[in-house]
Each structure stands twice: as C-alpha cells, then as structure tokens.
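Remarks on the overall topology
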Amino acid sequence: MFALRVLSRKNVTQPTARLMKNSNRLFMMQGRTSVPQASLLLNRFHSTTAAEQEELNDPTATNKDHHAVVSTFDLFSIGVGPSSSHTVGPMRAAKIFITDLREHKVLDKVASLRVGVGHGTPEAILMGVEGESPDKVETSTILSRVKDIETNKSIRLDGTHRITFDYEKDMVFNYFKTLPQHPNGLRFCAYDKDANLVATNEYFSIGGGFVVNAETQLDHGENVYYKQINKKDAVVAERREQDVAVVSLPFRNSEELLAVCKRENMTIAQVVFENELKWSTPEAIREKLLRIWNTMDDSIRNGVMASPDEYLPGSLRVRRRAPRLYNKLLKGLYGGPLNTTSGGYNASHISAGKEDEHALSQPTPDNSNTQYPLALSFLPKKPKKKFVLPALDYLSVYAIAVNEENACGGRVVTAPTNGAAGTIPSVLKYYLEFISDNPERDVMEFLLTTSAIGMLFKRGASISAAEMGCQGEVGVACSMAAAGFTAVMGGSVDQVENAAEIGMEHNLGLTCDPIGGLVQVPCIERNALAAVKAIAAAQLALNGEGDHRVSLDQVIETMRQTGVDMMSKYKETSQGGLAVNVPLC
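Now for a description of the structure that goes with this document.

What counts and how
Residues numbered from 1 in each chain as written. Predicted model: local features only at pLDDT ≥ 70, side-chain atom pairs only at ≥ 80, totals over all residues. Heavy atoms only, no water. Helix = DSSP H or I, 4+ residues; strand = E, 2+ residues; numbered from the N terminus. Buried < 20%, exposed > 50% of the residue type's maximum accessible area, 1.4 Å probe, protein only. Contact = heavy atoms within 4.5 Å. Areas by Shrake-Rupley, 256 points an atom, 1.4 Å probe, with all protein chains shown as cover. Pairing = 2+ DSSP bridges. Core = buried A, V, L, I, M, F, W, Y, C linked by side-chain atoms within 4.5 Å. Salt bridge = Lys/Arg side-chain N within 4 Å of Asp/Glu carboxyl O. Phe/Tyr/Trp six-rings, centres within 6.5 Å; stacked < 30°, edge-to-face > 60°. Lys NZ or Arg CZ within 6 Å of the ring centre and 35° of its normal. Polar contact = N/O pair within 3.5 Å; in protein donor to acceptor, adjacent residues only side chain to side chain.

1. Let's talk about the overall build of the protein
- Tallying secondary structure elements over the protein gives 21 helices and 10 strands in all.
- Burial analysis of the protein (585 residues in total) assigns 54% to the buried set.
- Excluding contacts between residues fewer than 6 apart, the proportion of contacts in the protein whose partners are at least 24 apart in sequence is 75%.
- Just so you have it, the protein exposes about 26100 Å², and 52% of that area is on carbon and sulfur atoms.

This is how it looks when you write it as structure tokens:
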C-alpha cells in the first residue's frame, strides 16, 4: 500500500483529524501530526495481539513483559488474495470502521467516499465498506461488484446505505505519504453533507492480515467503540485479559518454549493446544484447524484445476503454470521409478588418467576432421533426460498453485501472509499424500507447531514485508513449514527448533521487490523454493540430535536487525531489485 518506513511500535503518535470543508466524503488518507501517546487507545483489535495493544496503550510498557502467545486462528486466517497486508487487512479495517458508524447511528450522515489504491487494496476496501469480511466474501463476485460500483458511481455502506462514489475521481493513491506507526496505514474520516466531521480513525495493516487500530473519534472527541459498554466491549476486554494474564503455558521466545515443553513433557503442538483451550473447546479447536486445512487444500485444488491458458491479473501477462505442471505429474512425464543402488554411495568420480582400467574412453581428435569448432567433436550435445525427483515436483506445483490462486484474488489462508501462502500448504499436502498414516491428527499437530513458530517471529521481529522484506514473509513461512514437517515426522522439540532455525537462517536478507507491485514475480516461484528448502531443513534437523551452534532466538533477532537495516526500496515498495531491472513492456 503505502511505502515509506516506520518508527518502532514503541514510538507511537496519533495523527489529528484533517477536516475537508470543501467536500462531503468519507476520506482515507495518510499524514502525521504528533499528540501525546496516552491518547492512543486500541479498542478493537481483530487479529491483533494484546501485547501490541498494551504496548501502544502504555508508553512505558516494553515488549519483554508480554508473552508471544496469540491464537493460532489469528495467525492462520482465511482471506482473499493477493496480499494480507494490502487486501485482507484493509478489508477488515474498512469493515471495522463502517461497523462502528452503524453501531453508533451515524452511518446515515455519510455523504460520499474516497479511498487509496495498490496491491488490490481498492477492491478490498470497497468490499469492506459494503460490509464484507475476508473469510466470507464470495471471491467470484468481487470483480463484478467493483465493476458495478464503477458503472453506477455509487456504493452501499454496510450493504444498506447508498452514497455517491465516482471510482475515477475518488479512488486516489497517496504516494510517498506515511503515518509514523507503520508503512501500511489508513486514515478514515466521515463527513456529513455539510462537510462536518462525523467520525475518524486510523488503521495499520501490520502483516498477515493483522490489523491494529486507534480509537474511532466522534466529532466531540469521544471514542466510538468505548462510548458505551455493551456485550461486545466485555468480550474484547475479556480476550485482552486472557492474552496478557491467563494463558496456561506462556512463552516469550524459543528458549522459553522449549523449557515449557520439557518441563511439562509436552510437544510444541500440545503446548499450543493447551493455550487455545482458554479461548475454545477441544472440539472447536479441531473443527477450526480442519477448516484451515480444508481451505488450504481447496486453494491447491483450484490452482491445479484452473485453465492452463489463463493469465494472472495485471500488466505482467504471467500465464498460470500449476495446471500444466500438475497434468504432467498425473501423466507420469516427471517420473518413472527412482534410481536405486545396492552398494551404498553411488560414486560419481570421473577419472582423467590412463592408469585406470575402468576409465572412460577418451575421444581422440581426428586430424583429418575439419569440423570447427572442435568442441562439437569432443563434447557432443546430449539428448534431454528425465530428472526424477517427484518430491520436488509435487512440492513445487502445490506451492505455485496456491500462490497463483492468491494472485487471482482467490481464497487462501494467510500462512503467515498471503504472499507466503503457498509454502506451508505445499509441505503439509505432500506429507499427507505420501507419508501420513493419520491425516487428521497430523494436520492438527502440523498447524499447531507451525503457529508456535509464527508467534515467535511475530513477537521477536515482524511478519510484514513492509518492515522486514521478504524474509519476514516467505522466510518465516519456510521456517514454520520446516518445524511442522519435523514435528509430524516424529522429531524432538530440539529438532523442531533446529529445523525452524535452519529454515530462516538461509533466508536472511531476502528482499521484497515484486515486479509491477504485483504478488506474482518473484513471489510465486519463491514459495515453491521455500517449500523445498523447508523439507531440506527438516531433514538436516532430523538427521542430527538437535544440537546446533545458532539458536532460533538468535536468528529471529538477526532477522529483525537485518530488516531494520534493509533499505526501504527492498521492502515491498517495488522501488528496487527486480522491480526496477525487469521492464514491464
């Protein structure tokens, strides 16, 4: 969305409302005006941790006082493509704001609407304004509904209150403007027909579909959400108290997580499950985990079953690859039996000496041969051979399928973000298809384990490419997938931690430089490579004893420092890297 860098989350200021006396509109923009931190209250935190809320509420609070635990179902959320930061988060933000207006009976006072653009953000915000949520919106209707909004030059707030909306005039991108709290910031201002301010709020899409928002202010300055105490307020307050105080098995970092596992003689998945019991029943946890997996599986199926002649949206004209790759797998064009040897190591030594009686016969130049260059005689071209590595083929096609669905605006699971949505489903799908003997149990253990690793990265660094570059998205997904695969393969908690560390260590410094600002190149292939790398990391960890020189906590802190030092042009802005070296035409 908006592409300049941030102050730390501990240094939060609240922009004051900007009145537009010459227009009647609900306005989303960016700007910065500092006021005391004490005035910043985060009232509604859909998919937002209590630790972050406490930190922003209390300027003296430090992150070290709060554990890393969030709900698995906040970390893995069902949404729509192409970006969790630029699609899922903004849709939630728009819905939250419109819901506040409706609940406080000021919706009818709004006269018109203005929003910003980028990464599918316009469509997402418009759907949120019309009352849709990422997990329930019918993705196949989004484009047609946006087209209707353009044609009719009107939109229905919360699906009921119709106002004038000129798409060409009111859809504005605020380049090079940023709010101080986070690069992905939105400001909503609602005005009546006389251009009087009705309400205002700011929202920050901090990665993975997580949304942090300041308080919505009415024209007289009161907080919209907390103006009255009602049942929803009580639920939010109770959830906040649970997050901070009564998590059964809290942990702040991987060292503490491993200590909890060993003290309680539990796996990482069991620890996460026990914490989830504070918010849900066992059956509800099971149902939600299976729903998460079924959505992932659907995204793979939709990706591989799509038309192979279909192009992804946008100016890059990228054709879908997953359908053709999958068809080749089904037809056996990638395979045949694996090469096997009976004598252990299959030597690939090539002798260059005449003394070896088994040496390869050396070609002798023919002096009468006048064919040039002579390399054509010494090194003739070989016919194409089949490369038989079915694991890599399946991992790649599954990951590509999910990310192509994401690029088309289809339904995916943030895992932990949309841009990295293909890695974890790919690894889990491969395990279920070829290794698992108890799919339901393995899905639960895999997802709960991966979520624990995601929590550590979210608390210790960030899962936002706008802050960390792609190491914070695909790198984190690789680490999570490596941990999950190690867990379902029967690895110890030390081996799981080791696999997660390996997965991230070799993604450090990964930049986010999408060509044309689209979540397509290099994002789609990058997920496939991350899935393969996750399996390799798991295998390295499983073949060891869990002892290693670099800890997961150390690599998370290294990732954070690398992200802070990384230039902003490599953080989702499309102002550097491949984005500026690959022509669009």
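2. Points about the pairing of strand S5 (residues 161–164)
- Only one face of S5 is buried, namely the one carrying His161 and Ile163, since none of Arg162 and Thr164 on the opposite face is buried.
- Looking at chain direction, strand S4 (residues 154–157) and S5 are connected through 4 bridges and run antiparallel. By the bridge assignment for S5, Ser154 is matched with Thr164.
- Between S4 and the antiparallel strand that follows it, S5, lie 3 residues; Asp158 among them carries a positive phi value of about 60°.

3. Thoughts on the nonpolar core
- Phe76, Met296, Val427, Leu447 and Phe457 are the most contacted members of the largest nonpolar core, which totals 103 residues.
- If you tally residues by element for this core, the top one is helix H17 (residues 474–488), at 11 residues.
- Filtering out sequence-adjacent residues up to four positions away, Val427 remains in contact with Leu395, Phe446, Ala481, Phe485, Ala531, Ala534 and Ile535.
- Counting residues in hydrophobic clusters, the runner-up holds 33 residues, among them Val110, Leu157, Met171 and Val198.

4. As for the pattern of salt bridges
- By the definition in use, this model includes 20 salt bridges.
- The partner of Lys262 in a salt bridge is Asp494, with the nearest N and O atoms 3.1 Å apart. Of the two residues, Lys262 sits in helix H8 (residues 254–264) while Asp494 sits in helix H18 (residues 493–505), which places them 232 residues apart along the sequence.
- Overall, the relative accessible area of 51% leaves Lys262 in the exposed class.
- Taken together, the shared-partner salt bridges in this structure form one network comprising Glu130, Glu132 and Arg145.

5. Points about the packing of aromatic side chains
- One pass over the full model with this rule turns up 8 aromatic pairs.
- Ring geometry for Phe188 and Tyr203: centres 5.5 Å apart, planes at 85°, overall edge-to-face. A residue pair is termed long-range when its members are at least 10 positions apart, and Phe188 in strand S6 (residues 185–191) and Tyr203 in strand S7 (residues 197–205) qualify at 15 residues. The exposure classification of Phe188 matches that of Tyr203, with both residues buried.
- Among the aromatic side chains, those forming a connected cluster through ring pairs are Tyr394, Tyr398, Tyr430 and Phe434.
- Its end group placed over the ring of Tyr311, Arg317 keeps NZ or CZ at 3.9 Å from the ring centre.
- One cation-aromatic arrangement involves Lys429 over Tyr398; the distance from NZ or CZ to the ring centre is 6.0 Å.

6. Brief notes about the side chain of Thr295
- Tracing the chain through its elements places Thr295 in helix H10 (residues 282–304).
- Reaching out from Thr295, the side chain makes a polar contact with the backbone oxygen of Arg291 at a distance of 2.9 Å.
- Beyond its immediate stretch of four places on either side in the chain, Thr295 contacts Ile78, Arg411, Val412 and Val413.

7. Structural notes on the environment of Ser254
- Relative to the helices and strands, Ser254 resides in helix H8.
- On the basis of relative accessible area, Ser254 is assigned to the buried category, the value being 3%.
- Considering only alpha carbons, one finds Ser254 and Leu456, 202 residues apart in sequence, at a separation of 6.9 Å.
- Dropping the residues within four chain positions of it, Ser254 is found in contact with Leu456, Glu497, Leu552 and Asp553.

8. Overview of unusual backbone geometry
- Between Gly81 and the following residue, Pro82, the backbone shows a cis peptide bond with an omega angle of 10°.
- Of note, Pro82 is situated in the loop between strand S2 (77–80) and helix H3 (84–103).
- Cis geometry is found at the peptide bond from Val521 to Pro522, where omega equals 10°.
- Residue position: Pro522 is located in the loop between H18 and helix H19 (523–542).
- A positive phi is found at Lys105, a non-glycine position, where the angle reads about 60°.

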